[in-house]
Amino acid sequence: MIQFAVVGCGNIAKKHTELIQKKAFLAAVCDVVEDRANDFAYRYNTKSYYNIDDLLKKENDIDVVVVASPNGFHAEHSIKSLEHGKHVLCEKPMALGAKQSRRMISAAERAGKKLFVVKQNRFNPPVVEVKKIIEKGKLGKIYSVQLNCFWNRNHEYYQNPWKGTLDLDGGVLYTQFSHFIDVLIWMIGDVKETKSVMTNFAHKGVIEFEDTGIVLLEFANGALGTINYTINSFENNMEGSITIFGEKGTVKIGGEYLNKLEYQNIQNYHIDNLPTASEANDYAGYKGSMSNHDKVYDYILDNLKDSSNTSTNAEESLRTVELIEQIYKGAIRL
Ligand SMILES: NC(=O)c1ccc[n+]([C@@H]2O[C@H](COP(=O)([O-])OP(=O)(O)OC[C@H]3O[C@@H](n4cnc5c(N)ncnc54)[C@H](O)[C@@H]3O)[C@@H](O)[C@H]2O)c1
C-alpha cells in the first residue's frame, strides 16, 4: 500500500488525511505547532513530527509527502522531500514565484521522483465539459474570455499569522484565485501580455498586498481576456466564473466556484446531463474551492501505480505561477 506523510496540519490537511486513510496508508503527520501535529496523530492514529527534517530522516518507508504548509514553504518542503527520494503532492499554489517552481521541477528530475500539484477545480463537471468542447472545436475560434473572482475574506480570516503576509501567503492571486487562473489558461492557452491595476480598499494594515485587482490579458492565440478579482464581496463569496465568447458559441461557467454551467448557446450543440458538482470545502467561517480532492487522489494513485506513466502536472502548475508572477510584477498599484 502506498504510504503518505502530511506536512502542515491545518485546514486543508484534514481533507488529505481523511482521503489518505480511505485510499492508502497515513504513516506520519508533521506540524511546527506541536499540539496540532499531536491532535492529528491522535485523530488519525499515526505518528507525529514537529519538523520536516526529522520526519524525512526517520520515516524511510514513506512514498509520498503531501505539502500542506503555508505557500512560502512549498518549495523548501517539496525539494527536501524529493531529495529524500519521496514523491510529492503539493497544495496550490505550487510556490511563490517561477524560480522556486522551476527548482522544484529540477529536484524531481534529479531524484527521478514525481511532483504533483493539487488542481481540484479541473474536475468540476462543467469545467471538464467545456474543456472538452473547446478541444473538439465546438466554440470555434475563441475571441474573448472574462474571469470573475468575487469572494469574501474578512479581517478574521487574516488572524492566521501566515495569511496576508507577502513572504508566506504571496497575494490573493496565489492563495484564493490560482485555481481559477489555472483553469483559465488550461482552457484558453498561454498568455502573452498582461496589464493590471490593483489596490487595497478594505484590508489596510491587515494584509501586505491588494484586496482588489483588474487584469487585461492578451493570449498567445490572439484571444483577449480580463480578470476581475476581489476579496471584498460583502459578507459572502459571490461568484467564481469564466465566460467564453467564441465564433460558434458562448458559455458561462459560474456559481461561486466554477461549479455551475450558467449559460450556453452553441451552434448545433448542447451540453446536457452534467453530473452534480461536489460541495465547496467548508472551513467553519469561510468557504474555499470545490472539494474534489478525492479525484486528485484517484489521479495520483493511478499515476503512481503505472510505472510507464512519467507525466505529472508540474509543468502546467509552473505556467500558472509564471502568469501570476507576471501580473504582479507589471501591476500599477494605486
Ligand atoms: N486546494 C485547496 O482548495 C486549498 C484550500 C485551502 C488551502 N490550500 C493550501 O493549503 C496550504 C495550507 O493552507 P491551510 O488553509 O490549511 O492553512 P493552515 O494555516 O490552516 O495550515 C497550515 C499549517 O502549516 C503549519 N506550518 C507552518 N509552518 C510549517 C512548517 N515549517 N513545517 C510544518 N508545518 C508548518 C501551521 O502550523 C499550520 O498548522 C496553503 O498552501 C493553501 O494555499 C489549498
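You'll find the structure just up there.
Source: prediction; values computed, not measured.

A. Fine view of the site of the ligand. Lining the immediate environment of the ligand, one finds 29 residues, of which D31, R36, N71, Q120 and W162 sit closest. Residue I12 places a main-chain N or O atom 2.9 Å away from an oxygen atom belonging to the ligand. Take R36: an N or O atom from its side chain is 2.7 Å from an oxygen atom of the ligand. Calculation on the ligand without its partners gives an accessible area of 840 Å², and the protein chains cover 91% of this total. Because more than half of its atoms lie within 2 Å of the grid, the ligand is assigned to the largest pocket. Of all elements in the fold, only helix 1 (11-23) and helix 4 (74-83) reach the threshold of two or more residues within the shell around the ligand. Its residues placed into classes, the shell around the ligand shows 12 nonpolar, 12 polar and five charged.

B. Spotlight on the layout of surface pockets. The calculated volume of the largest pocket comes to roughly 1,000 Å³. Forming the walls of the largest pocket are 48 residues, and the residues nearest its centre are G10, A68, S69, P70 and W162. Mapped by element, the contributors of at least two residues to the lining of the largest pocket are helix 1, helix 2 (34-43), helix 3 (52-58), helix 4 and strand 15 (287-290). Tallied by class, the residues present in the lining of the largest pocket amount to 19 nonpolar, 17 polar and 12 charged.

C. Layout of the packing of helix 5 (residues 98-111) against helix 10 (residues 314-330). Between helix 5 and helix 10, whose axes approach to 9 Å, the crossing angle comes to 170°. Relative to helix 10, the element helix 5 lies roughly antiparallel. Contacts between helix 5 and helix 10 involve A98, S101, R102 and I105 from the first element and A314, E315, L318, V321, E322 and E325 from the second. Of the residues in the contact of helix 5 with helix 10, the class split is five nonpolar, one polar and four charged.

D. Layout of the pattern of salt bridges. Under the definition given, this model contains 15 salt bridges. Between E59 and K47 there is a salt bridge, with the nearest N and O atoms lying 2.9 Å from each other. With E59 in the loop between helix 3 and strand 4 (64-67) and K47 in strand 3 (residues 47-49), the pair connects residues that are 12 residues apart, well separated along the chain. The exposure class assigned to K47 is partly exposed, which follows from its relative accessible area of 45%. Where K80 meets E76, a salt bridge forms, and the shortest distance between an N and an O atom there is 3.4 Å. With K80 and E76 both in helix 4, this residue pair falls four residues apart, about one helical turn. Among the residues examined, K80 registers a relative accessible area of 24% and is labelled partly exposed. Connected through salt bridges with shared partners, the residues K119, R122, D182 and E316 form a single ionic network.

Calculation rules
Residues numbered from 1 in each chain as written. Predicted model: local features only at pLDDT ≥ 70, side-chain atom pairs only at ≥ 80, totals over all residues. Heavy atoms only, no water. Near = heavy atom within 4 Å. Polar contact = N/O pair within 3.5 Å; in protein donor to acceptor, adjacent residues only side chain to side chain. Areas by Shrake-Rupley, 256 points an atom, 1.4 Å probe, with all protein chains shown as cover. 1 Å grid on protein atoms, 1.4 Å probe; cavity = no way out; pocket = protein on both sides within 12 Å on 5 of 7 lines; lining within 4 Å. Sits in = over half its atoms within 2 Å of the grid points. Helix = DSSP H or I, 4+ residues; strand = E, 2+ residues; numbered from the N terminus. Nonpolar A, V, L, I, M, F, W, Y, C, P; charged D, E, K, R; others polar. Points joined across faces, edges and corners; volume = space filled by probe spheres on them. Axes fitted to C-alpha atoms, helices over the stretch in contact; angles between N-to-C directions. Parallel < 35°, antiparallel > 145°, perpendicular 65-115°, else oblique. Contact = heavy atoms within 4.5 Å. Salt bridge = Lys/Arg side-chain N within 4 Å of Asp/Glu carboxyl O. Buried < 20%, exposed > 50% of the residue type's maximum accessible area, 1.4 Å probe, protein only.

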